[in-house]
Structures are given as C-alpha cells and as structure tokens.
Amino acid sequence: MTSSPRLAIRGGRPVRRRPIPYSAHGTSEIGDREIRAVVKVLKRRKIFRFLNDPKISESAQLEAAYRKYTGCRHALALGGGGTTALVAALVGLGVGAGDEVIIPGYTYIATAAACLVVNAVPVICEIDNSLTMDPADMERKITRYTRAIIPVHMRGTPCRMREIMRIARRHKLLVLEDVAQANGGSYFGRKLGSIGDAGAFSFQHYKVITSGEGGLVITNHKKIYQRTTIAHDSAMVFWARDGWKVRPFAGENYRMCELRAALGLVQFSRINDILARCRAIKRRIVAGIADLPQIELQDVPDPKGDCGISLAFYLPDAKRARQFSEALNKEGVPNGTMFNQGIPDRHIYCHWEYVMNKWSRDRLGLPWSRAVYKGHAKYSRNMCPQTLHWLGRAIALHLHQHLTNRDADDIIRAIRKVAQAL
Ligand SMILES: *Cc1c(COP(=O)(O)O)cnc(C)c1O
C-alpha cells in the first residue's frame, strides 16, 4: 500500500482531468431522423391516432414494434408516461381498492403512486444485493389481501424473475413488471416486461429511449389488454373493434398522440445500438475491477440481459462508501453513494412522504380507509433495514453509449487507485 500513488483527495494528481462526459441515453441521440418524423406528422395534420389507419399510425406502429421486440401478443402505447402505464396496467389486471400490491423499497416513487392512484395499498419489501426485489422478503410480505407484485428492474438490472414468478404462481398473485428503467433488457433470453402478466415501460426524457413523455404496456393476455385499453380512454368502447368481450367501465385519457409516437418510433430504431454500446462499456469496466478485494460488485441476476446503463458496487460500510465516493469524485470520476440521510432521494421508500404518512387524496382516506381495506399495512423509515444497508454501502456510476474505451479505462484506473490507497 505504501507504493500507491497519492490520491487526489490528499493532494495527488487526479487520474482524469478532462470531465467524463454525461449523457442521457435516447435523448442524446435526437437528430434529423427524429425531427423529420415529427414534422411529417405535423404536415399530415392528423395527430389523433384513431384518425389514421393502423398501417400509417405511428402509435400503432410503435405498438407493433414492441410486440415483435418482446414477443408479447399485445402492446398499448400511452401518452402519459411510465406512471400512467403502471396505472392502466393495474386497472387492466383488475387490481384496485381493498388490494395490496408488493413493491420494492428501492424504486422511483411513481411505482407506489400508481398503486395509490388505483386505490390499492402498496406494501414495501426489501431489496437484496442485486438492488432489486428480494424474493424471500417479498414472500414474507404476502397476506390474504395481496393481489399483485411489481418487480422493478432498477437501473437496467433484471430482477430475480425466476424466484419471483415461482412465488407468485404458488400464491396465485399477478405480476406487473416495471420496466421503466430497463427498456430492452432481458432475463435469460426473455425480454423484460414479457415474463410477468404485464409489463410497463416509460419513454420519459431520462429513460433508455424517449418519446418526450410516454409509456407502453405489454401483455400476452387478451382480457388484460382490453381492460388496459379501456382504462386508457374514456370513450374506448367507441373506437374499439367489434368482438370485445370485456364489459366497459370508466377510463381516463392516457392516449398516445402521433407526434410523440413518431419520435418514439425513430428512437426505438436506435435501442439495440445504444444498449450494445452501454453493455460493452460496462463489461470492460467490470473486467477491469472484478479482482479488487476491497469492493464487492452488485450481484446482477443475468449479466447478459443487464442494460449496462449503470455500475454499482459495495464498500464494507456506509462510512467507507462515502469516503470512497468522495475520493473517486476527486479523481475525476463522477459517482454517488446511493443512500445518504441528507439527500431526499425519491427512489428510496423512506423519502416517499405521502406513503410513509398515508396522506390520501380524498376525504375518506383511501386507499387505507377501513371502509374498503381490511389489511394492516404499516410504514416507517426503518421498516426495510436491509434495503438501507445495501443502498448505504453502494456506490453507483451512470454509464452511457457515448463513453469511449479511454473513458472506461480512466474509470477503471481511478477505481483501482482509490480501492488500493484508501
Ligand atoms: C421513471 C420511472 C417511472 C415513471 O415513469 P414516468 O414516465 O416518469 O411517469 C416508473 N417507475 C420507475 C422505476 C421509473 O424509473
């Protein structure tokens, strides 16, 4: 250790002086093709999808592209976003008042919000060293009121779907995959979102590809698809094709518009290239640091299916994680610890204040109101200590397709330097 070069944090020369570039994945690719596609819709002056024949409708084409890509029989594009995709899919699954839905303690607050919007009670379970849902704790959280489970493929990492599906089937529970952060990822050859009963995608600015705002639901079940479609348009019965067996009910308006779909469709044509490059960069970095005994890499349930959009590793405790993170930043490699009492990160359950405090949107106090809910879901900041433990020890780096091999090599050198010197 005495021969290690001096850390930048102690006045030494940083590994990297030029900033490591930052970039959002799909958004950074927006170019002439996207612009032309959107302008084409404007010139056509038919922005409402149901005015266009499905052969030319961009919304319909986006759905067809996702059916082919994921192998699912049905796809529905949504204008709202990943949140509305989750809401519509929950309605599609028949989940609502009186039901519990198990979600991980590490996900964007939107996953919890979607449950609340359909008046279902979110029940929070632990994550494990994959930074995704811990199947064993998920099973412990099942009660007689549980209807559905939402595994979330966080930061492009596939969840432990084999275990999750096995438990879900045993208890006859529905599975809705939240694929908002893992568009294009897979799990042992199957596209994420196609493994459970339904999958919900987001095309928001920060996701793998974007339509500005937007989302999409996939499913293999006709009834779930038809219910999801009814939920996404208050007048769906009027546009729907004949022969629908599902009795209509009130929907909202989450329709996709052709402008967004046109943008999303061009972005979709780029997804494989974006992911291939992210994966190559991540493989290179992982190979360069895997032998370090000072750090423990995130356990990725299927590294081949991982999107490669982030890298995470653990230090032995939160204090050392903070020291490591600061030292690595000073070496010129942007990174962050994942749980820090000072920063109210909305991806961690203890910072979801309207869930923690059961703040309802209505007078009755739904969805927790005794009038409809007979269960006993409780929330507290310390309810998932294992989740806070893994997040507290974790350091994460954002990866993207514009990082060069030289950038990756500098990242490797900086991580090695800090690991060996601290
Ligand atoms: C972004 C995100 C959502 C919500 O997507 P929006 O398009 O912003 O509504 C849902 N779940 C997760 C895990 C997300 O990261």
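Residues numbered from 1 in each chain as written. Predicted model: local features only at pLDDT ≥ 70, side-chain atom pairs only at ≥ 80, totals over all residues. Heavy atoms only, no water.

A.B. asks: Can you explain the pairing of strand S9 (residues 215–219)? Please cite residues and give values.
C.D. replies: With 5 of its 5 residues buried, S9 lies for the most part within the structure. Side chains Gly 215, Val 217 and Thr 219 project from S9 onto one buried face, and the interleaved Leu 216 and Ile 218 project onto a second face that is buried too. Relative to S9, strand S1 (residues 74–78) runs antiparallel, the two being bridged by 5 bridges. Looking at S9, one finds that His 74 is bridged to Thr 219. By the bridge criterion, 5 bridges tie strand S8 (residues 198–202) to S9 in an arrangement that is antiparallel. Looking at the pairing, Ala 198 lines up with Thr 219 of S9. (Buried < 20%, exposed > 50% of the residue type's maximum accessible area, 1.4 Å probe, protein only. Helix = DSSP H or I, 4+ residues; strand = E, 2+ residues; numbered from the N terminus. Pairing = 2+ DSSP bridges.)

A.B. asks: Help me get a handle on helix H4 (residues 109–117), residues and values and all.
C.D. replies: Of all 9 residues that make up H4, 8 are buried, and the element is covered over most of its length. Where H4 is buried, its residues contact helix H3 (82–93), strand S2 (100–104), strand S3 (121–125), strand S5 (174–178) and helix H12 (353–356). Following H4 by one or two positions, Asn 119 has its phi on the positive side, about 65 degrees. (Contact = heavy atoms within 4.5 Å.)

A.B. asks: Residue-level account of a positive patch on the surface, with values.
C.D. replies: A surface patch of like charges, here positive, comprises Lys 358, Arg 370, Lys 374 and Lys 378. Inspection of the secondary structure puts Lys 374 in the loop between H12 and helix H13 (385–393). (Patch = residues over 30% accessible without salt bridge, like charges linked within 9 Å, V, L, I, M, F, W, Y side chains within 5 Å. Areas by Shrake-Rupley, 256 points an atom, 1.4 Å probe, with all protein chains shown as cover. Salt bridge = Lys/Arg side-chain N within 4 Å of Asp/Glu carboxyl O. Lys, Arg positive; Asp, Glu negative; His and termini not counted. Charge placed at Lys NZ, Arg CZ, Asp CG, Glu CD.)

A.B. asks: Can you break down the site of the ligand residue by residue, with the values?
C.D. replies: By nearness alone, 14 residues border the ligand, and Gly 82, Thr 83, Gln 181, Ser 202 and Lys 207 come closest of all. Thr 83 places a side-chain nitrogen or oxygen 2.6 Å from an oxygen atom of the ligand. Protein contact buries 91% of the 380 Å² of open area that the ligand shows by itself. Counting only elements with at least two residues in the shell around the ligand, the list comes to H3 and H4. Class assignment for the residues of the shell around the ligand results in 4 nonpolar, 8 polar and 2 charged. (Near = heavy atom within 4 Å. Polar contact = N/O pair within 3.5 Å; in protein donor to acceptor, adjacent residues only side chain to side chain. Nonpolar A, V, L, I, M, F, W, Y, C, P; charged D, E, K, R; others polar.)

A.B. asks: Account for the pattern of salt bridges, with residues named and values stated.
C.D. replies: Under the definition given, this model contains 22 salt bridges. Arg 169 serves as the salt-bridge partner of Asp 197, at 3.5 Å between the closest nitrogen and oxygen. Pair noted here: Asp 197 is in the loop between strand S7 (190–191) and S8 and Arg 169 is in helix H6 (residues 161–170), with a separation of 28 residues, a long-range link. Between Asp 291 and Arg 416 there is a salt bridge whose closest N-O contact spans 2.8 Å. Here Asp 291 is found in the loop between helix H10 (271–289) and strand S10 (296–297), whereas its partner Arg 416 is found in helix H14 (residues 405–421), with 125 residues between them in sequence. Its relative accessible area of 22% is what places Arg 416 among the partly exposed residues.

A.B. asks: Can you break down the sheet that holds S1 residue by residue, with the values?
C.D. replies: On the basis of which strands lie adjacent, the open sheet formed by 7 strands has the order S1-S9-S8-S5-S4-S2-S3 and mixed pairing. Edge strands, defined here as strands with exactly one partner in the open sheet, are S1 and S3. Geometrically, the sheet is characterised by an average inter-axis angle of 25 degrees between neighbouring strands, direction not taken into account. Here helix H7 (residues 222–231) sits on the sheet in contact with S1, S8 and S9, set at roughly 15 degrees to S1. (Axes fitted to C-alpha atoms, helices over the stretch in contact; angles between N-to-C directions.)

A.B. asks: Before we move on, can you summarise the domain arrangement of the protein chain with the specific residues and values?
C.D. replies: Where the parts come together, the accessible area they lose is often given as the size of the interface. Here the protein chain is partitioned into domain 1 (8–24 + 271–344 + 387–421) and domain 2 (32–270 + 353–372). If you average the C-alpha positions of domain 1 and of domain 2, the two centres end up 30 Å apart. Contacts between the two partners involve 26 residues from domain 1 and, on the opposite side, 34 residues from domain 2. Buried surface at the junction of domain 1 and domain 2, both sides included, amounts to about 2,400 Å², of which 58% is carbon and sulfur. Of all residues in domain 1, the largest losses of buried area upon contact with domain 2 belong to Ile 271, Pro 301 and Thr 387, amounting jointly to 28% of the total for that side. Counting every contact that joins domain 1 to domain 2 gives 1 salt bridge. Across the salt bridge formed by Asp 299 and Arg 160, the nearest N and O atoms sit 2.9 Å from each other. The interface formed by domain 1 and domain 2 holds 16 residue pairs in polar contact (both at pLDDT 80 or more) in total. The greatest single-element share of the side of domain 1 that touches domain 2, amounting to 6 residues, is contributed by H10. When the residues that make up the side of domain 1 that touches domain 2 are grouped by side-chain class, the tally is 15 nonpolar, 5 polar and 6 charged. (Domains from an automatic or database assignment. Buried area = accessible area lost by both parts, 1.4 Å probe.)

A.B. asks: So what's going on with the environment of Ile 274? Residues and values would help.
C.D. replies: In this structure, Ile 274 sits in helix H10. Excluding residues within four positions of it along the chain, Ile 274 makes contact with His 25, Gly 26, Glu 29, Val 208, Ile 209 and Gln 401.

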